[in-house]
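As a plain string of letters, each chain reads:
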Amino acid sequence: MAKTFTGSSPIVIGHRGASGYRPEHTLAAYELAIALGADYIEPDLVSTKDGILIARHENEISETTDVASHAEFTNRRTNKIIDGESKIGWFTEDFTLAEIKTLKAKERIPQLRPQNTIYDGKFTIPTLQEIIDLAQMKSAEIGRIIGIYPETKCPTYFKSIGLSLEEPLLATLAANGYQGANAPIFIQSFEVSNLQYLSTKTDLTLVQLLNASGKPYDFFISGDERTYTDLITASGLEEIAKYAQAVGIHKNLLLPKDSTNKLLSPTSLVTDAHAVGLLVHVWTFRNEDFFLPLDFQSNPQGEYELFLNLNIDGVFSDYPDTILAVRDRLIREGIN
Ligand code: G3P
Ligand code: CA
């Protein structure tokens, strides 16, 4: 029998909304995730020029908005180094919220999700406040608490340009009644120092994101030589447990794959994390074969079932309905 850390069923997080069905990070994507039954909705957060938090995966927005077709913004196209990588395009920190609101979202991966392109140009870019409003309104309407799962994107970079994410995030959450360890929220980051800072300012639940390669960007800046691989060791997890309550892990960290895209045996990461009191949430599950291991081509349900049987505490999915059907069946069968 699968056993989560708390004994409750694993949570389902609508990754960037129900982004398999609607352009990501739009109110339409979040609303659909809720309608499909997601427990939490996930906005990645970046800042506007006037310090408003908005939902985008990157601060460079040409891949997911129609900014390139706005003649009035042609001269905002520029080249920046973000987290050590050269990027050319349009950046949220160069736009006021009022300007951002003139843009429309578009499908990020039209080659894999051509059916979603019918929504291109229909939805605006939501603020964190609008996402909270939606979650709280829907919670009251359907009688089920919809949590939010915000991620600070590029926190070191935003701090370096005078637009720290942490203060507006905490202020917005406080103003909307999110308080204490049981509030329906998880705050996540791939960086470490901003989570450590947040842990001194809030009791809200914090999640250390762990990638399958590389290292937290703030470690490059501070000269810390540790990588994500070091953070998943017993001592790395113990360190994380001092400031966070959960880890959000790349799925390959739990089930690695070989060079032919076939799954290998599970690692001990869930057991190790639970041993120091950390919940384990796994990302990112998507239905398309492009994202599925060889073992589960055309069978995303099989991949979910395998992971859910490894005692994980939550799943980030672009298709919340697919995971929920599997989770509910396992619950009926007494497995989750
Ligand atoms: O935050 C969990 C997962 O979303 C991390 O990946 O790149 O989609 O933000 P990303
Ligand atoms: Ca994310």
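Located above this text is the structure these notes cover.
Reading the values: rules and limits
Residues numbered from 1 in each chain as written. Chains lettered and ligands numbered in written order. Predicted model: local features only at pLDDT ≥ 70, side-chain atom pairs only at ≥ 80, totals over all residues. Heavy atoms only, no water. Helix = DSSP H or I, 4+ residues; strand = E, 2+ residues; numbered from the N terminus. Expected span 1.5 Å × (residues − 1). Buried < 20%, exposed > 50% of the residue type's maximum accessible area, 1.4 Å probe, protein only. 1 Å grid on protein atoms, 1.4 Å probe; cavity = no way out; pocket = protein on both sides within 12 Å on 5 of 7 lines; lining within 4 Å. Points joined across faces, edges and corners; volume = space filled by probe spheres on them. Nonpolar A, V, L, I, M, F, W, Y, C, P; charged D, E, K, R; others polar. Donors = N, O, S within 2.8 Å, 3.2 Å for Na, K, Ca; no water. Tetrahedral: all angles 85-135°; square planar, octahedral: opposite > 155°, others 65-115°. Near = heavy atom within 4 Å. Polar contact = N/O pair within 3.5 Å; in protein donor to acceptor, adjacent residues only side chain to side chain. Sits in = over half its atoms within 2 Å of the grid points. Axes fitted to C-alpha atoms, helices over the stretch in contact; angles between N-to-C directions. Parallel < 35°, antiparallel > 145°, perpendicular 65-115°, else oblique. Left-handed = near helix turned anticlockwise from the far one by under 90°. Contact = heavy atoms within 4.5 Å.

Visitor: Where do I start with unusual backbone geometry in this structure?
Guide: Generally, phi is negative for residues other than glycine and the peptide bonds are trans, each holding for most cases. Of note, the bond from Trp283 into Thr284 is cis; its omega dihedral lies within 30 degrees of zero at -20°. Mapped onto the fold, Thr284 is located in strand 12 (residues 279–285). With a phi close to 50°, Asp83 is a non-glycine residue in the positive phi region. Mapped onto the elements of the fold, Asp83 is located in the loop between strand 5 (78–82) and strand 6 (85–89). Phi is positive for Asn311, which is not a glycine, with a value near 70°.

Visitor: Explain helix 12 (residues 320–332) to me, please; I cannot follow it from the model alone.
Guide: Side chains of residues three or four places apart in an α-helix project in the same direction, reflecting 3.6 residues per turn. Given a rise of 1.5 Å per residue, 13 residues ought to cover 18 Å, and the 18 Å separating the end C-alpha atoms of helix 12 matches this to within 8%. Of the residues making up helix 12, those classed as buried are Pro320, Thr322, Ile323, Leu324, Val326, Arg327 and Leu330. Where helix 12 ends, the next residue or the one after it, Gly334, has phi of about 80°, a positive value.

Visitor: What is the right way to look at empty space enclosed by the protein in this model?
Guide: A water-sized probe rolled over the atoms picks out the places where empty space is left. Overall, the coordinates contain one cavity of 30 Å³ or more when judged by the stated rule. Looking at the largest cavity, the residues that line it are Lys251, Asn252, Leu255, Lys257, Leu263, Pro293, Glu303 and Phe307. Its residues placed into classes, the lining of the largest cavity shows four nonpolar, one polar and three charged.

Visitor: Would you mind going over the coordination of the calcium ion (ligand 2) with me for this structure?
Guide: Only Glu42 (OE), Asp44 (OD) and Glu151 (OE) from the protein coordinate the calcium ion (ligand 2), and they sit 2.1 to 2.3 Å from it. The site at the calcium ion (ligand 2) holds six donor atoms, and with the angles between them running 59 to 162°, its shape is irregular. The sequence pattern formed by the donor residues of the calcium ion (ligand 2) is E-x1-D-x106-E. As far as burial versus exposure is concerned, Glu42 and Asp44 are alike and both buried.

Visitor: Can you walk me through the site of ligand 1 in this structure?
Guide: Close contacts around ligand 1 come from 13 residues, with His15, Arg16, His57, Lys153 and Gln188 the closest. Side-chain polar atom of His15 to an oxygen atom of ligand 1: 2.8 Å apart, as the coordinates give it. Structurally, ligand 1 is housed in the largest pocket. Looking at the shell around ligand 1 residue by residue, the class counts come to four nonpolar, four polar and five charged.

Visitor: I'm lost on the packing of helix 11 (residues 300–308) against helix 12 in this one. Help?
Guide: Angle between the axes and distance between the axes: these two values describe a pair of packed helices. Running from N to C, helix 11 and helix 12 point in directions that differ by 50°, and their axes come no closer than 9 Å. Taken together, the axes of helix 11 and helix 12 are oblique relative to one another. Here helix 11 runs over helix 12; the crossing is right-handed. Here Pro300, Gln301, Tyr304, Glu305 and Leu308 of helix 11 come into contact with helix 12, specifically with Thr322, Ile323, Val326, Arg327, Arg329 and Leu330. For the contact of helix 11 with helix 12, the residue count by class is six nonpolar, two polar and three charged.

So yeah, pure geometry; function would need other evidence.
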